[in-house]
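Summary of structural features
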Amino acid sequence: MHPHLAYRRSAQSAWTRIDMLLAIYNAAIESMDSGIDLLNRHDSQAYPSAQLRTSQLLLLLLDGIDPDSAEVSARIRDLCIFCFSQISTPSIENWTNAREVLATLRDGFEAIRAEGVRLEAEGVIPQLSMSASHTVLHA
């Protein structure tokens, strides 16, 4: 490897696309847990904030899916839309259903994390730009 490329790679953050995706999934699941807890406690004051935060995170996931992508991506998009519809009502059952779907998706991405990191390191998957990771961290 050319020394300049080695330096550039080592200078870059260890933050990868798959890590960012997993962080968004984890944040959405945590937000769903909060919403479910608020529904269980009948806390109608704090519930709208949890619903909004969960919606924002689901929209962030949806925004990252290429609408013209493969069938698997289209199915993930449809599942995220299902989750979005489930959290649109203050129903513990609906929120729990959405959480289970999202956790299953997250677990699938967690299972391929090592391969995603490898493919990004090899350049098969474009590396995450620092501006993109900064945007996500503050979403």
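Here the structure is a predicted model, which is why all the values come from computation and not from measurement. (Residues numbered from 1 in each chain as written. Predicted model: local features only at pLDDT ≥ 70, side-chain atom pairs only at ≥ 80, totals over all residues. Heavy atoms only, no water.)

**As for the overall build of the protein**
Stated precisely, the cut-off is as follows: Starting at the N terminus, helices and strands are each numbered in turn, a helix being any DSSP run of H or I of at least four residues and a strand any DSSP run of E of at least two. When accessible area is computed with a 1.4 Å probe and restricted to protein chains, residues below 20% of their type maximum are described as buried, those above 50% as exposed, and intermediate ones as partly exposed. In this analysis, two residues are considered to be in contact whenever any of their non-hydrogen atoms come within 4.5 Å of each other. Only the protein chains shown count as covering a residue, and every accessible area follows the Shrake-Rupley method with a 1.4 Å probe.
Looking only at helices and strands, one finds seven helices and zero strands in the protein. In sequence order, the secondary structure elements of the protein are arranged as α-α-α-α-α-α-α. When the 139 residues of the protein are sorted by exposure, 30% land in the buried category. Look at the contacts in the protein between residues 6 or more apart in sequence, and 72% of them connect residues 24 or more apart. Counting only carbon and sulfur atoms, one obtains 58% of the accessible surface of the protein, whose full area is about 8,500 Å².

**Some words on helix H2 (residues 17-40)**
Applied cut-off: One less than the residue count of a helix, multiplied by 1.5 Å, gives the span that helix is expected to have.
With 24 residues, H2 extends 35 Å between its outermost C-alpha atoms, agreeing within 8% with the 34 Å of an ideal straight helix rising 1.5 Å per residue. Once H2 finishes, histidine 42 follows within two positions and takes phi at roughly 55°, a positive value.

**Here's the deal with the environment of serine 129**
By the secondary structure assignment, serine 129 is in the loop between helix H6 (113-121) and helix H7 (130-137). For the pair serine 129 and threonine 16, spaced 113 residues apart in sequence, the C-alpha separation works out to 9.1 Å.

**Some details on the pattern of salt bridges**
Note the threshold: Put simply, a salt bridge is a Lys or Arg side-chain nitrogen that is within 4 Å of an Asp or Glu carboxyl oxygen.
What the rule picks out here adds up to eight salt bridges. Residue arginine 77 pairs with aspartate 78 through a salt bridge whose shortest N-O separation is 3.3 Å. For arginine 77, a relative accessible area of 26% gives the class partly exposed. Relative accessible area serves as the criterion here: at 43%, aspartate 78 is assigned to the partly exposed category. Across the salt bridge formed by aspartate 107 and arginine 106, the nearest N and O atoms sit 3.0 Å from each other.

**Looking at the environment of phenylalanine 84**
Here phenylalanine 84 shows up in helix H4 (residues 71-86). Judged by relative accessible area, which is 30%, phenylalanine 84 ranks as partly exposed. Phenylalanine 84 sits 28 residues away from glutamine 56 along the chain, and the two C-alpha atoms are 9.7 Å apart.

**Quick look at the packing of H4 against helix H5 (residues 92-111)**
Short version of the rule: Under this scheme, a helix contributes an axis fitted over its contacting stretch, all axes are lines through C-alpha atoms, and angles between N-to-C directions fall in the 0 to 180 degree range. Here the angle decides the label: under 35 degrees means roughly parallel, over 145 means roughly antiparallel, 65 to 115 means roughly perpendicular, and every other value means oblique. A clockwise turn of the near helix away from the far one marks a right-handed crossing, whereas an anticlockwise turn of less than a right angle marks a left-handed crossing. Gly is placed with the polar residues, together with every amino acid not listed as nonpolar (Ala, Val, Leu, Ile, Met, Phe, Trp, Tyr, Cys and Pro) or charged (Asp, Glu, Lys and Arg).
Running from N to C, H4 and H5 point in directions that differ by 155°, and their axes come no closer than 8 Å. The orientation of H4 relative to H5 falls into the category roughly antiparallel. Considering how the two elements wind past one another, H4 and H5 form a crossing that is left-handed. Packed against H4, whose contacting residues are Ile76, Leu79, Cys80, Phe82, Cys83 and Gln86, the element H5 presents Asn94, Trp95, Asn97, Ala98, Val101, Leu102, Leu105 and Phe109 at the interface. Considering only residue class, the contact of H4 with H5 consists of 11 nonpolar, three polar and no charged.

**Things to note about the nonpolar core**
Using the following cut-off: Only buried residues count toward a nonpolar core, which is a set of Ala, Val, Leu, Ile, Met, Phe, Trp, Tyr and Cys residues joined through side-chain atoms within 4.5 Å.
Tyr25, Met32 and Leu102 are the most contacted members of the largest nonpolar core, which has 27 residues in total. Looking at this core, the elements with two or more residues in it are H2, helix H3 (47-63), H4 and H5. In terms of residue count, H2 provides more of this core than any other element does, 10 residues in total. Those residues within four positions of leucine 102 in sequence are excluded, and the remaining contacts are Tyr25, Ala28, Ile29, Met32, Leu58, Leu61 and Cys83.

**Considerations on the confidence of the model for the protein**
Convention followed: pLDDT expresses how confident the predictor is about each individual residue, on a scale running from 0 to 100.
In this model, the protein carries an average pLDDT of 86, and 83% of its residues clear a pLDDT of 70 or more. When pLDDT is averaged over each element of the protein, H5 comes out on top at 98 and helix H1 (residues 3-11) at the bottom at 48. Here residues 132-139 is modelled with pLDDT under 50, and outside its nearest four sequence neighbours on either side it reaches nine contacts, counting other chains as well.

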